[in-house]
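Structural overview
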Amino acid sequence: MISAHPVFRFAPSPNGYLHLGHAYSALLNFDLARQADGRLLLRIEDIDVTRCRPEYEQAIYDDLAWLGIAWETPVRRQSDHLDVYIAACDRLAAMGVLYPSFESRAEIARLVAAEEAKGSWPRDPDGAPIYPGAGKSLSATEVTALKRSGAPMALRLDMAEAIRRVGALFWQERGTGPDGETGAVAAHPEVWGDVILARKEVPTSYHLSVVIDDALQGVTDVVRGQDLFWSTSVHRLLQELLGLPVPAYRHHGLLRDETGAKLAKSLASTSLRELRAEGATPVDIRRLVGLPSHP
Ligand code: GLU
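Everything in this summary refers to the structure shown in the same document. (Residues numbered from 1 in each chain as written. Predicted model: local features only at pLDDT ≥ 70, side-chain atom pairs only at ≥ 80, totals over all residues. Heavy atoms only, no water.)

This paragraph deals with the site of the ligand. Taken together, R9, A11, P12, S13, E45, Y206, V210, R224 and L228 make up the full set of residues adjacent to the ligand. Here an oxygen atom of the ligand and a side-chain polar atom of R9 are 2.8 Å apart. Separating a nitrogen atom of the ligand from a side-chain N or O atom of S13 is a distance of 3.2 Å. Contact with the protein chains covers 77% of the free accessible surface of the ligand, which is 300 Å². When grouped by side-chain class, the residues that make up the shell around the ligand number 5 nonpolar, 1 polar and 3 charged. (Near = heavy atom within 4 Å. Polar contact = N/O pair within 3.5 Å; in protein donor to acceptor, adjacent residues only side chain to side chain. Areas by Shrake-Rupley, 256 points an atom, 1.4 Å probe, with all protein chains shown as cover. Nonpolar A, V, L, I, M, F, W, Y, C, P; charged D, E, K, R; others polar.)

Written out as structure tokens, the structure reads:
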């Protein structure tokens, strides 16, 4: 039976303390779920083992509870499900849309600098240069030798081949993109180049785990910051390749105060625990992020 109740999620990474920007996103998800008689899930996106810490995860639970947000348990923690992401990578590899690459970050920087010296080199929507390397043309013998050599390895999506397989894609945008995009938005995954889907030391990536988890958790409404707007192009492509359902998206803009003015950067990045220590109440936080005092 198809559930009529929409499913929202808040998906923070425990690599620091939550600040006002996170509070806005979490409260907006909570309010929208309430208004739609829906469910709110919390997901801990902790695949980056070098930056995530248990004390930050505990602080997420404390801060959200203090804000008056209720979520369903058990909470899904991505690091507990690496086997699921590895299986998805195996499927993509079997489809012929993944290839291994072995350049270090320093080598990639050198290749980009060489291209830029000749003219220009394209950058992705986050400002990072797209992959300049030759991983795609390595022979099977070279791949075996490089794997044995202990060189860093990343599995990359063969973007051209993936797009060729699935054709034009769209998503339903209920919020807005950085240039006001809304409604049926055309995906442009090609602007990201051959993105990394897994690394030797972490067998997944943000893009891969987010689409798998949204599907496995039955998420119907993805509400998140506008900084992730164009990542949705990659997410649509992966959903199509893996045969996953497609949620609706609502990307929200920068924080405004109650007069509609943009919040000062220093205030927007102050942690919730600091604000709480200074005597702020949950209602103050709602006012600061421009949300009504009750959902
Ligand atoms: N974990 C991501 C972050 O903290 C958010 C992922 C998402 O909402 O899709 O920025």
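Having seen the model, we can carry on.
Right, let's talk about the side chain of T204 for a bit. Considering the arrangement of structural elements, one finds T204 in the loop between β8 (196-199) and α7 (206-216). Look at T204 and you get buried, because its relative accessible area is 4%. Among all residues touching T204, those that are not within four sequence positions of it are I47, L82, Y85, L197, A198, R199 and S209. (Helix = DSSP H or I, 4+ residues; strand = E, 2+ residues; numbered from the N terminus. Buried < 20%, exposed > 50% of the residue type's maximum accessible area, 1.4 Å probe, protein only. Contact = heavy atoms within 4.5 Å.)

The next subject is the sheet that holds strand β5 (residues 154-157). Sheet architecture is open: 3 strands sit in the order β4-β5-β8, paired in antiparallel fashion. Sheet topology places β4 (98-101) and β8 at the edges, where each strand pairs with a single neighbour. The average undirected angle you get between the axes of adjacent strands in this sheet is 30 degrees. Two elements, β4 and β5, share 4 bridges in a ladder whose sense is antiparallel. Residue S101 lies in a different strand from β5, and its bridge partner there is A154. (Pairing = 2+ DSSP bridges. Axes fitted to C-alpha atoms, helices over the stretch in contact; angles between N-to-C directions.)

Attention shifts here to the nonpolar core. L92, L157, L208, L238 and L241 are the most contacted members of the largest nonpolar core, which has 33 residues in total. Of all elements in the fold, only α3 (82-95), α6 (159-166), β8, α7 and α8 (231-242) reach the threshold of two or more residues within this core. When neighbours within four sequence positions are excluded, L157 is seen to be in contact with V97, L98, Y99, A162, D194, V195, L197, L237, L238 and L241. By size, the runner-up hydrophobic cluster in this structure holds 30 residues, among which are I60, V223, L255 and I285. (Core = buried A, V, L, I, M, F, W, Y, C linked by side-chain atoms within 4.5 Å.)

To continue, consider the environment of R276. Relative to the helices and strands, R276 resides in helix α10 (residues 272-277). Given the relative accessible area of 29%, R276 is considered partly exposed. Remark: the alpha-carbon pair of R276 and R34, spanning 242 residues in sequence, is separated by 25 Å. Ignoring anything within four residues of it in the chain, the contact list for R276 reads D63 and W66.

This paragraph deals with the packing of aromatic side chains. Enumeration over the complete set of coordinates arrives at 7 aromatic pairs. Ring geometry for W171 against F229: centres 5.1 Å apart, planes inclined by 65 degrees, an arrangement best described as edge-to-face. With a gap of 58 residues between them, W171 in strand β6 (residues 170-173) and F229 in the loop between β9 (221-225) and α8 connect regions that are remote in the sequence. For the pair shown, W171 and F229 are each scored as buried. Consider the rings of W171 and Y249, whose centres lie 6.5 Å apart with planes at 70 degrees: the pair is edge-to-face. In this pair, W171 is assigned in strand β6 and Y249 in strand β10 (residues 248-252), connecting sequence segments 78 residues apart. (Phe/Tyr/Trp six-rings, centres within 6.5 Å; stacked < 30°, edge-to-face > 60°.)

Tallied over the full model, the rule gives 19 salt bridges. The partner of R43 in a salt bridge is D214, and the shortest N-O contact between them spans 2.9 Å. One end of the pair, R43, is in strand β2 (residues 39-44); the other, D214, is in helix α7, and 171 residues separate them in sequence. Considered together, R43 and D214 belong to a single accessibility category, that of buried residues. Across the pair D213 and R76 runs a salt bridge, and its minimum N-O distance is 2.9 Å. In this pair, D213 is assigned in helix α7 and R76 in strand β3 (residues 76-77), connecting sequence segments 137 residues apart. (Salt bridge = Lys/Arg side-chain N within 4 Å of Asp/Glu carboxyl O.)

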